[in-house]
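As a plain string of letters, each chain reads:
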Amino acid sequence: MPHQFIWLIFLLPLFSFIIIGFFVRPFVRAESKLAGYITILSIGGSLALSVWALFAVMAAPHHEIPVPDVTWAVIEDGVTIHLGLIMDSLTAVMLIVVTVVSLMVQIYSQGYMQGDPGYHRYYAWMSLFTASMIGLVMADNLLFLFVFWEMVGLCSYLLIGFWFHKPSAADAAKKAFIVTRLGDFGFLAGILLLYLNTGTFDIYELHELAIAGALAGTTLTWAAIGIFAGAVGKSAQFPLHVWLPDAMEGPTPVSALIHAATMVAAGVFLVARMFPLFEHSTEALTTVAIIGGITAIFAASMGLVMNDIKRVLAYSTISQLGYMMLGLGAGGVAIGIWHLFNHAFFKALLFLGAGSVNHATGTFDMRLMGGLRKYMPWTYLTFVIASLSISGIWPLSGFWSKDEILINTFAHQPVLFYLAMITVFMTAFYMFRAVFMTFGGEYRGGEPSAHGHEGHHGQPHESPRVMTIPLMILAALSILSGLWNVTGHFGAFMGHGETHGFFTGLFHPFTQPLPWISLILAGSGILLAYAMYRKSWISPERIGSMFKPLYTLFYRKYWFDELYENIIVRNALLKGLFAGFEQFDNHVVDGAVNGVAGGAIVSGRAIRHAQTGQLQLYGLFIGIGILAIIFVIYFFG
Amino acid sequence: MNLALFIPEIALLATAAIVILLDLFIEQKRWLAQVSISGLVISGGVAIAMWGGSYPAIFNNMLAVDNFALFFKMLFLGVAFLVILSSTDYVSKFSRFQGEYYALVLLATLGMMLMAATTNLIAIYIALELTSISLYALVGFLKDSKSTEASLKYLLLGAIASAVLLYGMALVFGFTGKTQLSEIAQVLQALPQTTLLASPGLLLGVVLLVAGFGFKIAAVPFQMWVPDVYEGAPTPITAYLSVASKAAGFAIILRVFFSAFGIPVWLSQNWGLIFASLAVISMTIGNITAIPQTNIKRMLGYSSIAQAGYLMVGLAAMGMASGISILGQSGVLFFLTSYAFTNLGAFIAVIAISNKLDSDLIADYSGMGKRAPLLALALTLCLVSLIGMPPAAGFMAKFYIFNAAVQHGLLWLVIIAVINSVISAYYYLRVVKVMWLGETASAEKVPSSGALRLALLLCCLGVLLLGIIPGYAMGLAQFAANIFVY
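Trainee: Explain helix H8 (residues 217–234) of chain A to me, using residue names and the numbers behind them.
Mentor: With 18 residues, H8 of chain A should cover 26 Å at 1.5 Å per step; its first-to-last C-alpha distance of 26 Å lies within 8% of that length. Most of H8 of chain A is tucked away: 13 of the 18 residues are buried.

Here it is in structure tokens:
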């Protein structure tokens, strides 16, 4: 196939959005499933093309195929804007992740969103999100990457607030939008800094400049840290992690696609995409590793005590994203992206499993679940597979990528290595705490919760086929996707010579000490969860009261929300800055309006006074303005 | 002198006279709009036919007939066309003086066309007054208390601004002895820098010119009239003011400051910095005061102050590299074009919605996405363009101007402008949110006339075209800006 067809990977979901948004939604009745079919078909097409592209890239020299680009606008002085796409190993792998998970989620949503009045709207946004995400991973210059970066943020905002009639959802959407925006400031500053120093937005050109040493020193470090700031916001890394748990207010398939597998991983992708810049700045690379390591353990600790299954998964996602950053910082592109690749499948599966459970019980509170193993065998089976995978149990996919990270961290960042090892234990514990609380024991008779589906009563039941089949496919991927790198093929494909896989065969891990340690840690985490939540040999309450201060610290999320909301937003901004402007507005600007409004009540004479007074003030302002300009010129000109 | 070069203006003047006379005789008032539109089309057709040629100046070198002037003539005629299209519903509610309404719009347009063409201080003043007086009358056209108050305020403050401008012109004339812009430049070039620096009269004159023109483009601190006038004026006139009047102000600033004060370099960099500072305060104050607004017309008023700030970034870029590069100038032209489509589109959508609701409160737009999906979609597109997000025109326009400023060493200014753009997203998107996510107060549809829908469609097409394939319009802007090469 000619390479122009690569454009279709991006365009198909975009067309789907346009068709649904402009034709289906206004003109087709709400119960029709047309929107879902269009989305599934177009994303299926993208997936097929992505698979083709992956093989084409594998066969190509340097693992890269050129894609014809489009000249978009010519601004004089030689500034032209090209619309171009990159098609290299990193993009090809990301495309597989995005299209596979998106397709599974769209199919699943046919069941999950059935009968929702916003069905068309849901699929319109999902298509737009998928198109933007594909654009993000394919963009060949930072400017367009940034545009798509903002687009996925916008879609995330719209989809978190999908059930906007619930105030909690609307607040969560706002929070996600604002917090990620903070990181984006840094990203934009980084882009501008690079542009000023190099005159280009082109990603490959920037790579070459960094490799040649033309871009170096503090400039490079600051630019890289700026870019990383954007990644911190998007990937919910410490200290901008606060938005992701709240983002769980959105529909669960949205959480699976956007807040587990793809958009939140965009930060990791961004660092990988700009990796030559990080590679040539030790400071920047170390920052990535440290933030990643801290986030991994920090988020995992909060995941230990949450009672809402989606929040457990949210903290788990943050923690795993921290792992990926750590992998990038300590090992390189192949290591970080390898975990991203595997994580996408098992984490999407976990979220979809949580959605399936919610479908049956009407709640996300694990204290109200229990015993679902009986009623929902498929959901149970697939959820356990994903949990084993994320805990890093051989030979599931999570094992292979997590241990690669651990090995590289051990070699390059010894301090962070110990944090990462503790996190292994925590991960296994919180995941199986969730498994046992949800599926073990007896059913505790869920009830409608604040978010998600409402109005389920009586016995829980297995979800329809349209929902369980995507679970099974993802479960198969969670088992098998790790095999890609068993002989180091994935590492070699990502093209960085020194990061060929550590493991050389399926049974090679058992000849090494480190995998043994991590397996024992993960196993003991699972055992502890079994003892506490399945068999009640150890009472969770007693543990909780024994470590009361620590428990409170985790449960209140280290008081980060309070810190941001009360101290920064409420006091510094609302009481300080904005209040000042409001005063100005009330007294000076709104004076005129008030004059008119009051005039309706008071006599005409009074109005005339009020208005002339106002006018004089306005005239005075013109005079003061002129004087101010003269003053400035006289003293500074 | 070749009077043929004056045909666009003559056609417009004649149309205005015909409209007033027709109003006395015909019963079917909708013909008035059609006659006005045909006048605009004729005038515009001639202007388009003249595009690209090079013609001598007319009226004793007072009016240039260059591509810069023609660019603005086409812009003003296009804006007037859209404004009249969107006025028909609104005006048909008036019991009397419908003819005067259209005639005044045409006369104001004529004044603006002259403003873009004049190269002489005296003629500038006359053209400016022709525009302003027509606009004062139009602002007060509703004759209710708000409209009357707005008109009076506009008149009095406009008079102050005119006085300031005249005083500035007098000082410049007193210093140089010339009123022709190019001759002023010659006098200034002949004098050594020390003499010029030691003469506060000249600098004061320049500052007063900035203030006088600053009033027209609604730059802070000369913007006080904007919210009241925008709120009180008939909405189509608000749209007209916010787009055409601002564009005319920029046209004249570009010409005066380039032709008369473009060289020496230290002078142009001086006024470049004045515009840079005005840009900073206009953007910041415009955006921040727009945030708490509850009335959409006032909100758009403050937004237009902020947009003037972004435009002045282009003026600052021009001042930094006067005569070396036309990037700043062509950026301003492109921005004005895209802003014209965008802001007109926003106001036309507001006209359509307000006609039905009889309210300009943002809260009343709640659920508009369900009641009038196409109108809400159009308004959303325009607001997105005002933020400067792709694929709308506003993105390319901002990109163009900011790029010019960065190239000419104004990075700090661009950083402030970008931060401002981010802040502005808040209040623009709030309207979008209310429309699409808010509850509907009633399920009643929002009807609109064919003319209004056509005008809105044209605006949205313009916004999308300029955003997606900006190359052609950029080419036009660059061609027109070629007069800024020595």
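From this point, the discussion proceeds with the structure in view.
Trainee: I'd love a proper account of helix H9 (residues 200–217) of chain B, names of residues and values included.
Mentor: Residues and elements named next belong to chain B. Relative to the 26 Å expected for 18 residues at 1.5 Å per residue, H9 spans 25 Å between its end C-alpha atoms, a close match to the ideal helical length. Counting buried positions over the 18 residues of H9 gives 16, a clear majority of the element. Ala 218 lies just past H9 and shows a positive phi near 60°.

Trainee: Outline the nonpolar core, supporting the account with residue identities and numerical values.
Mentor: The tendency in soluble globular proteins is for nonpolar side chains to be buried side by side. Counting 213 residues, the largest nonpolar core has Val 79, Val 105, Val 313, Ala 316, Ile 348 and Ala 349 of chain B as the members making the most contacts within it. Here the element with the most residues in this core is helix H14 (residues 327–357) of chain B; it accounts for 18 residues. Contacts of Ile 348 of chain B, omitting those with residues within four sequence positions, involve Ser 86, Ala 239, Leu 452, Ala 455, Leu 456 and Cys 459 of chain B. Ile 107, Leu 244, Ala 260 and Ile 390 of chain A belong to the second-largest nonpolar core, a separate cluster that totals 207 residues.

Trainee: Describe in detail the environment of Leu 8 of chain A, supporting the description with residues and values.
Mentor: Residue and element names in this part refer to chain A. Following the sequence through the fold, Leu 8 ends up in helix H1 (residues 6–27). Residue classification places Leu 8 among the partly exposed residues on the basis of 17 C-beta atoms within 10 Å. When the C-alpha positions of Leu 8 and Ser 50 are compared, they lie 9.7 Å apart, and in sequence the two are 42 residues distant.

Trainee: Describe unusual backbone geometry, naming the residues involved and giving the relevant values.
Mentor: Along the chain, Trp 394 of chain A connects to Pro 395 of chain A via a cis peptide bond; the corresponding omega equals 0°. Secondary-structure assignment places Pro 395 of chain A in the loop between helix H17 (377–391) and helix H18 (397–412). A cis amide bond links Val 220 of chain B to the next residue, Pro 221 of chain B, at an omega of 5°. Counting through the fold element by element, Pro 221 of chain B comes out in the loop between H9 and helix H10 (225–232). The phi angle at Phe 59 of chain B is positive, at roughly 55°, despite the residue not being glycine.

Each value, and the rule that gives it
- Every chain begins its residue count from 1, and numbering advances along the sequence as written.
- Chains and ligands are labelled by the order in which they are written, letters from A for the one and numbers from 1 for the other.
- Local features in this predicted model are restricted to residues of pLDDT 70 or higher, and side-chain atom pairs are both shown and tallied only at a pLDDT of 80 or more, whereas totals for entire chains, interfaces and linings draw on every residue.
- Helix and strand definitions follow DSSP, with helices as H or I runs of at least four residues and strands as E runs of at least two, each counted in order from the N terminus.
- The span expected for a helix works out to 1.5 Å for each residue beyond the first.
- Comment: burial labels come from other C-beta atoms within 10 Å of the residue's own C-beta, placed from the backbone, where a count of 20 or more is buried, 12 or fewer is exposed, and between is partly exposed.
- Buried Ala, Val, Leu, Ile, Met, Phe, Trp, Tyr and Cys residues whose C-beta atoms connect them within 7 Å together make up a nonpolar core.
- In this description, any two residues whose backbone-derived C-beta atoms lie within 7 Å of each other are considered to be in contact.

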